[in-house]
Amino acid sequence: MIIGVIADDFTGASDIANTIAKGVEPEGGLRTVQYLNVPPHPAAPDVEAGVIALKSRSIPAGEAVAQSLAALDWLLAQGCRQIVFKYCSTFDSTPEGNIGPVAEALARRLGVLGVVACPAFPDAGRSVYMGHLFVGDRLLNDSGMEHHPLNPMTDPDLRRWLTRQSTDPVGLVGWPVIRQGAGATRDALAEAAGRGERLVIADAISNDDLLVLAQACAEARLITGGSGIARGLPRNLIRAGLARGGRPAVDGVDGAEAVLVGSCSRATRAQIERHRAGHPVLAVDVDAVMEGRLGPADIVAFVDAHRGAGPLVYSSSDPDRVAALQETYGREPVAHALDALFGEAARVLVAAGTRRIVVGGGETSGAVVTALGVTSFRIGPEIDPGVPVLVAEDGSGLGVALKSGNFGGEDFFARALDALAGAGRVAA
Ligand SMILES: Nc1ncnc2c1ncn2[C@@H]1O[C@H](COP(=O)(O)OP(=O)(O)OP(=O)(O)O)[C@@H](O)[C@H]1O
Ligand SMILES: O=C(O)[C@@H](O)C(=O)CO
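Everything numeric here is computed off the predicted structure, so don't read it as measured data.

Novice: Summarise a nonpolar patch on the surface; cite the residues concerned and give the values.
Specialist: On the surface, Tyr129, Met130 and Ile205 cluster together to form a nonpolar patch covering roughly 260 Å² of accessible area. Residue class for tyrosine 129 comes out partly exposed when judged on its relative accessible area of 39%.

Novice: Outline the sheet that holds strand E6 (residues 126–129), listing residues and values.
Specialist: What holds strands together in a sheet is hydrogen bonding between their backbones, with the strands either parallel or antiparallel. Spatially, E6-E7-E8 is the arrangement adopted by the 3 strands of the open sheet, whose pairing is antiparallel. In this open sheet, the two edge strands, each paired with only one partner strand, are E6 and strand E8 (138–139). Pairing of strand E7 (residues 132–135) with E8 involves 2 bridges; the strand directions are antiparallel. Along E8, the bridge assignment pairs phenylalanine 134 with leucine 139.

Novice: So what's going on with the site of ligand 1? Which residues, and what values?
Specialist: Taken together, 20 residues sit near ligand 1, with Ser263, Ser315, Asp339, Glu363 and Thr364 positioned nearest. Glutamate 363 is positioned such that a nitrogen or oxygen atom in its backbone is 2.7 Å from an oxygen atom of ligand 1. Within the complex, 83% of the 630 Å² of free accessible area of ligand 1 lies under protein. Contributing elements (two or more residues each) for the shell around ligand 1: helix H12 (319–329), helix H13 (331–351) and helix H14 (362–372). Element by element, the count of residues in the shell around ligand 1 is highest for H13, at 4 residues. Here the residues of the shell around ligand 1 sort into 7 nonpolar, 11 polar and 2 charged.

Novice: Run through the site of ligand 2, naming residues and quoting values.
Specialist: Taken together, Asp9, Thr11, Gly12, Asp15, Arg57, Lys86, Tyr87, Cys88, Ser89, Ser404 and Phe407 form the complete shell of residues around ligand 2. At a separation of 2.7 Å, an oxygen atom of ligand 2 approaches a polar side-chain atom of arginine 57. At a separation of 3.0 Å, an oxygen atom of ligand 2 approaches a polar side-chain atom of lysine 86. A per-element tally of the shell around ligand 2 places helix H1 (residues 10–22) first, with 3 residues. Each residue belonging to the shell around ligand 2 can be placed in one class, and the counts come to 3 nonpolar, 4 polar and 4 charged.

Novice: I'd like to hear about the pattern of salt bridges, residue by residue, with values.
Specialist: Tallied over the entire structure, the rule returns 29 salt bridges. Here arginine 57 makes a salt bridge to aspartate 8, at a shortest N to O gap of 2.9 Å. Of this pair, arginine 57 sits in the loop between strand E3 (49–53) and helix H2 (61–77) while aspartate 8 sits in the loop between strand E1 (3–7) and H1, and the two are 49 residues apart along the sequence. Note on arginine 57: relative accessible area 16%, which makes it buried. With relative accessibility at 4%, the residue aspartate 8 sits in the buried group.

Novice: If you had to explain the nonpolar core to someone new, which residues and values would you point to?
Specialist: Core analysis: the biggest nonpolar cluster contains 113 residues, and Phe91, Val116, Cys118, Leu213, Ile299 and Ile357 have the highest contact counts within it. Among the elements that line this core, the one with the most residues is H13, at 8 residues. When residues of this core are assigned to domains, at least three fall in each of domain 1 (3–239) and domain 2 (256–427). Discounting residues that sit within four places of it in the chain, valine 116 has contacts with Leu189, Val200, Ala202, Leu213, Cys217, Ile223, Thr224 and Ile229.

Novice: Give a description of H2 that names residues and reports values.
Specialist: For an α-helix, 3.6 residues make a turn, and residues three or four places apart therefore share a direction. Between its terminal C-alpha atoms H2 stretches 24 Å, which fits the 24 Å expected from 17 residues at 1.5 Å a residue. Along H2, the positions that sit buried rather than exposed are Ala64, Val65, Ser68, Leu69, Ala71, Leu72, Trp74 and Leu75. Buried-residue contacts for H2 involve E1, strand E2 (32–36), E3, strand E4 (82–86) and helix H3 (99–110). Backbone geometry just downstream of H2 places glycine 79 in the positive-phi region, at approximately 100 degrees.

Novice: Go over the domain arrangement of the chain, please, and point to the residues and values.
Specialist: Each assigned domain of the chain is listed here: domain 1 (3–239) and domain 2 (256–427). The centre of domain 1, based on its C-alpha atoms, is set 27 Å off from the matching centre of domain 2. Residue-level contacts link 22 residues of domain 1 with 26 residues of domain 2. The interface formed by domain 1 and domain 2 includes 3 salt bridges. Put simply, aspartate 46 and arginine 378 hold a salt bridge, and the shortest N to O gap is 3.0 Å. Listed by contribution, the elements that provide at least two residues to the side of domain 1 that touches domain 2 are H1 and E2. Counting residues per element, the side of domain 1 that touches domain 2 draws most heavily on H1, at 8 residues. Each residue belonging to the side of domain 1 that touches domain 2 can be placed in one class, and the counts come to 11 nonpolar, 6 polar and 5 charged.

Novice: Explain the state of the cysteines to me, using residue names and the numbers behind them.
Specialist: In this structure the tally under the stated criterion is 0 disulfides. Cysteine cysteine 80 shares no disulfide, and the gap to the nearest cysteine sulfur, in cysteine 217, comes to 17 Å. Cysteine 80 gets classed as buried once you look at its relative accessible area, which sits at 5%. Cysteine 118 takes part in no disulfide bond, and the closest cysteine sulfur to it belongs to cysteine 217, at a distance of 9.4 Å. For cysteine 118, a relative accessible area of 0% corresponds to the buried category.

What counts, and at which threshold
Residues numbered from 1 in each chain as written. Chains lettered and ligands numbered in written order. Predicted model: local features only at pLDDT ≥ 70, side-chain atom pairs only at ≥ 80, totals over all residues. Heavy atoms only, no water. Patch = residues over 30% accessible without salt bridge, like charges linked within 9 Å, V, L, I, M, F, W, Y side chains within 5 Å. Areas by Shrake-Rupley, 256 points an atom, 1.4 Å probe, with all protein chains shown as cover. Salt bridge = Lys/Arg side-chain N within 4 Å of Asp/Glu carboxyl O. Buried < 20%, exposed > 50% of the residue type's maximum accessible area, 1.4 Å probe, protein only. Pairing = 2+ DSSP bridges. Helix = DSSP H or I, 4+ residues; strand = E, 2+ residues; numbered from the N terminus. Near = heavy atom within 4 Å. Polar contact = N/O pair within 3.5 Å; in protein donor to acceptor, adjacent residues only side chain to side chain. Nonpolar A, V, L, I, M, F, W, Y, C, P; charged D, E, K, R; others polar. Core = buried A, V, L, I, M, F, W, Y, C linked by side-chain atoms within 4.5 Å. Domains from an automatic or database assignment. Contact = heavy atoms within 4.5 Å. Expected span 1.5 Å × (residues − 1). Disulfide = S-S within 2.5 Å.

Next comes the structure, spelled out in structure tokens:
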């Protein structure tokens, strides 16, 4: 293993695994595996990039640091020469963490300063200019993220925000430097390190800027950011003769299918409506779940009754309804009950032969793959930006797609089911 990634959530992990497996033309990407938590065994010998998916975004900072350092130890033991800490492209964090504490702890363990911090993901509309994060044409704090239930993003100035979470000074390498190319960027990062700046916000407004950053960081032991920061990393290694390159390929999966959706984001709700137009769809009655009148068996029965037709089950509601449910039952109890519902339904479905599962939402994805007990997935072709086909490494023939709330085109769910079925037909 040459590159190791520590990701702070499950869908974020498959986002960056996708970026690394795909790479950029003409070189292509790396043979990539996504692990769910730190594996209790060594990586398979042919793996070039290992992505460890943690659920450390919203847990207490001390726990996030401990889990991330354990992941670092495992990755270093596999031979990684470069480590990436992946967080959300909307920099999801609070004034207490967890981006600053985890990034600083990793940097200290590796003994490095001048570490890039860049959440830019231009393909998904996230860009960083003069240290300020934009979502499309809005600043972060005016993008809807200021209303996020767990980590409201109320400050678009990443240097100021990260400073609140950090103990060492935070630097900035702005776009006027990035546009001068990799040499100037490398020099600016070295100067930042010389000033004692451990983390350095780096601008990127286009995919080309991300390639400049990757080139500047070719020798860096630690890089932090969204998935975009990894765009050019495979190219560095392939050009240096350290990796073979090529397109992601996995064995195809074949069998019954289910789409399970807990994400309540606007994008996901539009995707559900689109799916409803041509496929069987079941809305979970959340009151019935909370009162014990609806359980996993009901979901399994619906999916079984519509096998082959792309059945979708969702709990998603609009913000008013979500707020009312949270008011009645409490935010955590509802989330916990729904995550457990989807997890158990998925477990029963897979035990009975379902082989293609598409999940909407990061928390929901975490609950489902944890319940399935799969510990690692090979990364296959991209379905939509940030979402690849994942095929279980254990030979069980199970394929999944884990969709982050905001990702995917409107017809995502149907295309994801097709992509899972066709995964094996994509050429190496
Ligand atoms: N109707 C509902 N009312 C309240 N909570 C819900 C409802 N439906 C789902 N939930 C919970 O809301 C949470 C949605 O989070 P999840 O991470 O799955 O989606 P997301 O936030 O859109 O995705 P991402 O984290 O990838 O951006 C889950 O914990 C889920 O159980
Ligand atoms: O970076 C992103 O936006 C995603 O990979 C993610 O982390 C969503 O939770």
